[in-house]
Amino acid sequence: MSMRSVFLTRLLTPVSILAAAGTITVLLQGHPGATESHPRLSAVADSTSSPVSANSSASAQPAASVSATPAAASAPVADAALRSAVAQANGAASVSVTDLSTGQSLTYGAPGHGFATASIVKVDILSTLLLQAQDQGTTLTAAQQSLATTMIENSDNDSATALWNEIGQESGLNAANQRFGLTSTSGGTDGNWGLTSTTAADQVQLLRQVFTSDSQLSSASRGYIQGLLGQVESDQRWGVSAAASGSDYAVKDGWLPRSATGLWVINSIGMVERDGHELLIAAVSDGNPSESGGISLVQSVAQAAAGSLNGS
């Protein structure tokens, strides 16, 4: 079964559940009226007091950490292609990938460096909102569903701000992330959700919450997020999708020019199907001189990491 078929199958169950509760009727694909189409994260204020710096740790030597299931023949290592791809970063870059078919995983680059999330934090915001609803024994309201759709599918910043406030801002996000198993992610302060600090490994852990049953989220909640990630607008399907062997993938990208330096944060997270394997991938970077250059970087890093993992 293709990933697209899996997404559709996963989506139908939670949508039906929510519909029965009288809170949702249909998930719409595409929202031409969204305020942010691609180039800017205008609603996120920058701050010189942010703990995340575009160039901090840029000179740190990349390091790899690997893990594998006991059944795996050998643990994957960062090959020459991956080392070369990460070395092209003008600032810092890191990538983490897990093969859900084999259990093998690989993380490489910028050890100890915190990356500003930009818009990839929107997946975390929605995951937190759904976890809070589960705890309360409720489902999302129609208004929350509308905000979630535009926040994920169109990367609308006003929607993200509204839901950031609903979850309790950084305190709500941090509390949920503790339960999700994220150990190196800290919510942005003073309303700056896009300046949440994270790592590639933490983002893959978040993706595990969305795409596997070993999760704090219910199957309905997981299916709901998966459905939105599978329907992001066409100009926001770059990034880790480059590692897919076909058109089956779900992705959320983030992009942010830092006001103090003019350098770009470019990130991408998601699930891709590659040669019959389902991979969770997070590629994060900062210190990019241009948006386009940062996009090229995370795409090449994601492709190289997937190749390192499965030898293709």
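Numbering of residues begins from 1 in every chain and follows the order in which that chain's sequence is written. Two thresholds apply to this predicted model, a pLDDT of at least 70 for residue-level local features and 80 or more for giving and counting side-chain atom pairs, whereas whole-chain, interface and lining totals are computed over all residues. Calculated side-chain values reflect all of the structure's heavy atoms, with hydrogen atoms and water omitted.

## Some remarks on the overall build of the protein
Segments assigned H or I by DSSP are reported as helices when at least four residues long, segments assigned E as strands when at least two residues long, and all are numbered from the N terminus. The number of helices and strands found in the protein is 9 helices and 8 strands. When burial is assessed residue by residue, the protein has 54% of its 312 residues classed as buried. Long-range pairs, those at least 24 residues apart, make up 71% of the contacts in the protein between residues at least 6 apart in sequence. A 1.4 Å probe and the Shrake-Rupley method give the accessible areas. Residues count as covered only by the protein chains that appear here. Carbon and sulfur atoms make up 50% of the accessible area of the protein, which amounts to about 11,900 Å² in all. Note on classification: 1.4 Å probe, protein chains only; a residue is buried when its accessible area is under 20% of the maximum for its type, exposed when over 50%, partly exposed between these limits. Only heavy atoms enter the contact rule, under which two residues are in contact if any of them lie within 4.5 Å.

## Describing the pairing of strand β8 (residues 277–288)
On a regular strand, one side chain projects to one face of the sheet and the next to the other, so that they alternate. Of all 12 residues in β8, 11 are buried; the element is thus mostly enclosed. In the sheet, strand β7 (residues 264–274) pairs with β8 via 10 bridges, with the strands oriented antiparallel. By the bridge assignment for β8, G270 is matched with I281. What sits between the antiparallel neighbours β7 and β8 is a turn of 2 residues, in which D275 has the positive phi angle 50°. The rule for pairing is simple: two strands pair if DSSP sees at least two bridges between them.

## Quick notes on helix α4 (residues 142–153)
In a helix, the anticipated span is given by 1.5 Å times the number of residues less one. Look at α4: 16 Å from first C-alpha to last across 12 residues, which is about the 16 Å you get at 1.5 Å a residue. Regarding α4, the residues found buried are Q144, Q145, A148, T149, T150, M151, I152 and E153.

## So, the side chain of T185
Structurally, the position occupied by T185 is in the loop between α6 (169–180) and β5 (197–198). For T185, a relative accessible area of 12% corresponds to the buried category. Pairs of N or O atoms are called polar contacts if they sit within 3.5 Å, as long as, within protein, a hydrogen donor faces a hydrogen acceptor (for residues adjacent in sequence, only side-chain-to-side-chain pairs). Within the structure, the side chain of T185 is placed 2.8 Å from the side chain of T198, a separation counted as a polar contact. Separated by 2.7 Å, the side chains of T185 and D202 make a polar contact.

## Overview of the pattern of salt bridges
Each salt bridge in this description consists of a side-chain nitrogen of Lys or Arg and a carboxyl oxygen of Asp or Glu lying within 4 Å of one another. Under the defined criterion, the tally for this structure stands at 1 salt bridge. For R179, the salt bridge goes to D135, with nearest N and O atoms at 2.7 Å. One end of the pair, R179, is in helix α6; the other, D135, is in helix α3 (residues 121–136), and 44 residues separate them in sequence.

## Thoughts on the pairing of strand β2 (residues 92–99)
In terms of burial, β2 is a largely internal element, 8 of the 8 residues being buried. Sheet topology places β2 next to β8; 8 bridges connect them, and they run antiparallel. Residue pairing in the sheet places V97 in a bridge with I281 of β8.

## Describing the packing of helix α7 (residues 200–211) against helix α8 (residues 219–229)
For any two helices packed against each other, one specifies the crossing angle of their axes together with the interaxial distance. In the contact formed by α7 and α8, the axes pass within 8 Å of each other and the chain directions differ by 110°. Judged by the inter-axis angle, α7 sits roughly perpendicular to α8. Within the contact between the two elements, α7 uses Q209, V210 and F211 and α8 uses R222, I225, Q226 and L229. Considered class by class, the residues forming the contact of α7 with α8 number 4 nonpolar, 2 polar and 1 charged. Where helices are involved, their axes are fitted lines through C-alpha atoms of the stretch in contact, as for all axes, and angles between N-to-C directions lie from 0 to 180°. Note that the term roughly parallel is reserved for angles under 35 degrees, roughly antiparallel for angles over 145, roughly perpendicular for angles of 65 to 115, and oblique for everything else. Think of it as three bins: nonpolar holds Ala, Val, Leu, Ile, Met, Phe, Trp, Tyr, Cys and Pro, charged holds Asp, Glu, Lys and Arg, and polar takes everything else, Gly as well.

## Structural notes on the confidence of the model for the protein
The pLDDT value tells you how sure the predictor is about a given residue, anywhere from 0 up to 100. Overall, the prediction assigns the protein a mean pLDDT of 82, with 75% of residues at 70 or greater. Overall, residues 4–73 carries pLDDT values under 50, and its contacts beyond four positions in sequence, including any with other chains, amount to 152 contacts.

## Comments concerning the environment of G307
Structurally, G307 can be placed in helix α9 (residues 291–310). Separated by 229 residues in sequence, G307 and A78 have C-alpha atoms that sit 9.3 Å apart.

## Structural notes on the nonpolar core
Among the nonpolar cores identified, the biggest contains 74 residues, and L82, I125, L126 and I281 are the most heavily contacted of them. When residues of this core are assigned to their parent elements, the largest contribution, 9 residues, is made by α9. Core analysis: the next-biggest nonpolar cluster, separate from the first, contains 5 residues, A116, A118, L195 and V265 among them. Each nonpolar core is a collection of buried residues, namely Ala, Val, Leu, Ile, Met, Phe, Trp, Tyr and Cys, held together in the definition by side-chain atoms within 4.5 Å.

## A word on the packing of aromatic side chains
Whether two aromatic rings pair depends on their centres lying within 6.5 Å, for rings of Phe, Tyr and Trp, where Trp uses its six-membered ring; planes under 30 degrees apart make the pair stacked, over 60 edge-to-face, and the rest tilted. Applying the stated rule across the entire model yields 1 aromatic pair. Here the aromatic rings of W238 and W255 are separated by 6.0 Å at their centres, their planes lie at 55°, and the arrangement is tilted. Here W238, found in the loop between α8 and β6 (249–257), pairs with W255, found in strand β6; they are 17 residues apart in sequence, far enough to count as distant. You'll find W238 and W255 in the same group, each marked buried.

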